[in-house]
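# Residue-level structural notes
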Amino acid sequence: MASGEWHMEKRSSIRNESFDRVDSEGSLECGCLSIIVLGASGDLAKKKTFPALYNLYHQGFLPPSEVRIFGYARSKMTDDDLKDRIRGYLVPSKNATPELLEDVSTFLRLIKYVSGSYDAEEGFQLLDEEITKYEREQNTHEGVSRRLFYLALPPSVYPSVCRMIRLHCMNKSKTGGWTRIVVEKPFGRDLQSAEQLSSQIGELFDESQIYRIDHYLGKELVQNLLVMRFANRFFVPLWNRDNIDNVQIVFREDFGTEGRGGYFDQYGIIRDIIQNHLLQVLCLVAMEKPVSLKPEHIRDEKVKVLQAVDQINDEEVVLGQYEGYKDDPTVPNNSNTPTFATVILRINNERWEGVPFILKAGKALNSRKAEIRIQFKEVPGDIFRCKKQGRNEFVMRLQPSEALYMKLTVKQPGLEMSTVQSELDLSYRQRYQGVVIPEAYERLILDTVRGDQQHFVRRDELKAAWEIFTPLLHRIDDGHLKSIPYKPGTRGPAEADTLLEKAGYVQTHGYIWVPPTL
Ligand code: NDP
Ligand code: BG6
């Protein structure tokens, strides 16, 4: 069967299934669906939101008979201008077969652009007219409409945009349907501003309508964390302070702020990566088993972990800024904004007391990767004299080359009784050949359509996350903590490795995991 036919068949079968489905809020998962991308002219919309929507469409999750996509922004553009802007991002040029390009064109026909400002009524009234017109044209299920607003916008305009949506663009059908709002990070700059933003939005929408996206929660290996931890007997007795010496959660990029210097300088690496992406991962590593997989049960456990985190000690923080960062004309010459940070968090509870959680993130380093590294304590009574070879580690490589691997000491094959470091390796590319791992944004947009908030940040979770980092961030903003310069293309400041060692991490020498090639 040609792949086009397969997709058509798949689309229609998914669509038929969807007519019987009820989402987790109890709303019918059918009727026309309008997805409105606000900030459609922007970087995120072009690089992530529209490509994710295309991929969902391509896989049959957004059937053209039910879905329309509206772009909204201030820029004066025609529908075709918007389509030309995003077209090149939807399919990598190396994969662009005539069949796929035809598919892209069909997808683009679903898009309509509306121009208007973020705080004036006319634009939103016009947007509502366009959505309503489309809804009226659809006579599938009487009156049921679903409206998903994706705010790919700077947070400064969230309150006015939410007010305008509330006033003019809500789903009006009496028989069902819904209105949902997806908001992007950063949610504020500190506890106070985040709380203010939360209350402004909270006055307009119920918590069940607000989807605070953290795209790390949509990554395949992050989603695997709960399964690894709670579906495998191996880990159950080991996952605690008696066996685990330290935990590292690492994010590294081998490029700098590249054209985003102006944005980045107001936030820095802690607000950009650590307070949200890495802290969300920490919650999943450290939380207790939830009562069930219901979103509220999972989020309850995450909040408990955050609430048990101690105040950060300045002695357990290293900040860095790469040389050349200030060459960006939008970055002030005296900027102290960290582009690198290592921060140790300590969780004051029965499971984790004494175990450092080392969160590391940096830009312009010597490699690009994100991983979780659980380092175990040494085996008491070292009869093989193999302690120096290294400790057991369980590593979840989130990206690139997704993998789970366990570093073990084994007998070196041969006549001698000697030991060597090796690994049990579950490399996804090798094990799941031909399986395409979905982009985080695809999964999360689909969750929003289905009303599943499990992988979104709840308001109390956000508050607890800001409570942990706000005092430290204020000390950095006040200049009490300084960023150490480091050369681009290196590991960052040497002081960070010293801190790691002081925290108890023991580096394995003479062994390196190499992702298998096919
Ligand atoms: P952009 O700076 O590209 O802004 C998006 C759109 O918002 C612009 O096209 C512009 O549209 C409008 N806009 C920009 N500045 C202002 C302003 N000061 N006041 C009102 N409108 C403005 O942002 P991104 O697309 O990069 O990001 C959008 C959101 O997503 C942000 O919250 C960002 O932090 C977050 N994010 C971005 C990521 C990325 O990779 N880019 C990754 C993760 C999160 P117009 O002028 O046409 O109205
Ligand atoms: C974004 C940050 O949230 O995540 C960027 O604002 C960063 O600075 C990006 O580059 C990294 O995302 P990923 O999915 O490529 O690891």
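Residues numbered from 1 in each chain as written. Chains lettered and ligands numbered in written order. Predicted model: local features only at pLDDT ≥ 70, side-chain atom pairs only at ≥ 80, totals over all residues. Heavy atoms only, no water.

## What about the site of ligand 1?
Test applied: What makes a residue near a molecule or strand is one non-hydrogen atom of that residue sitting within 4 Å of it. Polar contacts, as used here, are pairs of N or O atoms within 3.5 Å; protein pairs need one atom able to donate a hydrogen and one able to accept it. Residues neighboring in sequence count only if both atoms are side-chain atoms. Residue-level accessible areas treat just the shown protein chains as cover; the underlying method is Shrake-Rupley with a 1.4 Å probe. Polar here means any residue outside two lists: the nonpolar Ala, Val, Leu, Ile, Met, Phe, Trp, Tyr, Cys and Pro, and the charged Asp, Glu, Lys and Arg; Gly therefore counts as polar.
The environment of ligand 1 is formed by 20 residues, the closest being Ser 41, Leu 44, Arg 74, Ser 75 and Tyr 118. Here an oxygen atom of ligand 1 and a side-chain polar atom of Ser 41 are 2.6 Å apart. At a separation of 2.9 Å, an oxygen atom of ligand 1 approaches a polar backbone atom of Leu 153. In the complex, 74% of the free accessible area of ligand 1, which totals 870 Å², lies under the protein chains. Among the residues making up the shell around ligand 1, the classes are represented as 12 nonpolar, four polar and four charged.

## A closer look at the sheet that holds strand β15 (residues 484–486)
For the record, the criterion: Two strands qualify as a pair provided that DSSP identifies no fewer than 2 bridges between them. Helix and strand definitions follow DSSP, with helices as H or I runs of at least four residues and strands as E runs of at least two, each counted in order from the N terminus. Lines fitted to C-alpha atoms define the axes, with helix axes restricted to the stretch in contact, and inter-axis angles between N-to-C directions lie between 0 and 180 degrees. Throughout, a residue-residue contact means that at least one pair of heavy atoms, one from each residue, lies within 4.5 Å.
A sheet is described by the order of its strands in space; here nine strands give the open sequence β14-β13-β12-β11-β7-β10-β9-β8-β15, paired in mixed fashion. Two strands lie at the open edges of the sheet, namely β14 (419–427) and β15, each paired on one side alone. The mean angle between the axes of side-by-side strands here comes to 20°, regardless of whether they run parallel or antiparallel. As defined by bridge partners, strand β13 (residues 403–411) adjoins β14 across nine bridges and the pair is classed as antiparallel. Looking at β14, one finds that Ala 403 is bridged to Ser 427. Against the sheet, helix α9 (residues 261–286) makes contact with β7 (244–252), β8 (317–322), β9 (340–346), β10 (356–362) and β11 (369–376), and its axis sits at roughly 145° relative to β10, the strand it touches most.

## What about the nonpolar core?
Rule in force here: Side-chain atoms within 4.5 Å are what join buried Ala, Val, Leu, Ile, Met, Phe, Trp, Tyr and Cys residues into a set we call a nonpolar core. The rule is simple: take the accessible area with a 1.4 Å probe, protein chains only, and divide by the maximum for that residue type; under 20% is buried, over 50% is exposed, in between is partly exposed. The source of the domain bounds is an automatic or database domain assignment.
Counting residues in each nonpolar core, the largest one holds 150 residues, and the members touching the most others are Phe 50, Leu 151, Ile 165, Ile 270, Leu 345 and Phe 469. With 13 residues, the single largest contributor to this core is α9. Split by domain, this core shows at least three residues from each of two domains, domain 1 (3–184) and domain 2 (218–433 + 458–503). Beyond its immediate chain neighbours, meaning those up to four positions away, Phe 50 contacts Val 37, Ala 40, Ala 45, Ile 69, Leu 82, Ile 86, Leu 90, Phe 107 and Ile 111. In this structure, Ala 403, Tyr 405, Tyr 511 and Trp 513 belong to the second largest nonpolar core, which totals five residues.

## Topic: the packing of aromatic side chains
Let me state the cut-off plainly: Stacked, tilted and edge-to-face pairs are distinguished by plane angle, under 30 degrees for stacked and over 60 for edge-to-face with tilted covering the rest, among Phe, Tyr and Trp rings (Trp via its six-membered ring) whose centres lie within 6.5 Å. Charge over a ring is defined by NZ of Lys or CZ of Arg lying within 6 Å of the ring centre and within 35 degrees of the ring normal.
Evaluated as defined, the whole model comprises 19 aromatic pairs. Note on Tyr 322 and Tyr 486: the rings are 6.3 Å apart at their centroids and 65° apart in plane angle, and the pair reads as edge-to-face. Highlighted residues: Tyr 322 in strand β8 and Tyr 486 in strand β15, separated in sequence by 164 residues. A single burial state applies to Tyr 322 and to Tyr 486, both of which are buried. Three or more aromatic residues joined by ring pairs make a cluster, and in this case those are Phe 264, Tyr 322, Tyr 325, Phe 340 and Tyr 486. Positioned above the aromatic ring of Trp 178 is the side chain of Arg 180, whose terminal nitrogen or guanidinium carbon lies 3.8 Å from the ring centre. Sitting over the face of the ring of Tyr 216, Lys 219 holds its NZ or CZ atom 4.6 Å from the ring centroid.

## Quick word on the pattern of salt bridges
To be explicit about the condition: For salt bridges, the criterion is a side-chain nitrogen of Lys or Arg within 4 Å of an Asp or Glu carboxyl oxygen.
As enumerated under the stated definition, the model contains 35 salt bridges in all. The residue Glu 130 makes a salt bridge to Lys 133 at a minimum N-O spacing of 3.8 Å. Taken together, the residues span about one helical turn, with Glu 130 and Lys 133 both in helix α5 (residues 121–137) at a distance of three residues. Overall, the relative accessible area of 17% leaves Glu 130 in the buried class.

## Concerning the side chain of Gln 280
Residue position: Gln 280 is located in helix α9. A polar contact is formed between the side chain of Gln 280 and the side chain of Glu 461, at a distance of 3.3 Å. Residue contacts for Gln 280: discarding those within four places in its chain leaves Asp 214, Leu 217, Lys 302, Val 457 and Glu 461.

## Overview of the pairing of β11
Among the eight residues of β11, eight are classified as buried, and the element is accordingly described as predominantly covered. Alternating positions in β11 separate into two faces, Lys 369, Glu 371, Arg 373 and Gln 375 on one and Ala 370, Ile 372, Ile 374 and Phe 376 on the other, with burial throughout. When β7 meets β11, the two strands line up antiparallel, connected through eight bridges. Across the sheet, Ile 244 pairs through a bridge with Phe 376, a residue of β11. Pairing of β11 with strand β12 (residues 393–399) involves six bridges; the strand directions are antiparallel. For Arg 373, the partnering residue across the bridge sits in β12 and is Val 395.

## Notes on the site of ligand 2
For ligand 2, the set of nearby residues contains 13 residues, the closest of which are Lys 185, Tyr 216, Lys 219, Glu 253 and Asp 272. A distance of 2.6 Å separates an oxygen atom of ligand 2 from a polar side-chain atom of Asp 272. Compared with its free state, where it exposes 400 Å², ligand 2 has 83% of that area covered by protein.

## A look at the domain arrangement of the chain
For the chain, the assigned domains read domain 1 (3–184) and domain 2 (218–433 + 458–503). Averaged C-alpha coordinates put domain 1 and domain 2 at centres separated by 35 Å.

## Quick look at the packing of helix α2 (residues 43–58) against helix α12 (residues 440–450)
Selection rule: For this classification, under 35 degrees means roughly parallel, over 145 means roughly antiparallel, 65 to 115 means roughly perpendicular, and everything else is oblique. Each crossing gets its handedness from the near helix: less than a right angle anticlockwise from the far helix is left-handed, clockwise is right-handed.
Where α2 meets α12, the axes come as close as 8 Å, and the angle between the chain directions of the two elements is 65°. Comparing the axis directions of α2 and α12 gives the class roughly perpendicular. The handedness of the crossing between α2 and α12 comes out as right-handed. Contacts between α2 and α12 involve Leu 44, Lys 48, Thr 49, Ala 52, Leu 53, Asn 55 and Leu 56 on the former and, on the latter, Tyr 441, Glu 442, Ile 445 and Leu 446. Classifying every residue of the contact of α2 with α12 by side-chain character gives seven nonpolar, two polar and two charged.

## Quick notes on the confidence of the model for the chain
To keep it simple, the criterion reads: pLDDT expresses, on a scale from 0 to 100, how confident the predictor is about each individual residue.
Confidence in the prediction for the chain averages 91 pLDDT; 93% of positions are at 70 or higher. Note that residues 1–20 has pLDDT below 50 and, in this model, 23 contacts with residues that lie over four places away or in other chains.

## A look at the sheet that holds strand β6 (residues 210–212)
Ordered in space as β3-β2-β1-β4-β5-β6, the six strands form an open sheet in which the pairing is parallel. Both outer strands of the open sheet, β3 (111–115) and β6, are each paired with one neighbouring strand and no more. Recorded for the sheet is a direction-independent mean angle of 20° between the axes of neighbouring strands. The pairing of strand β2 (residues 67–73) with β3 spans five bridges and is parallel.

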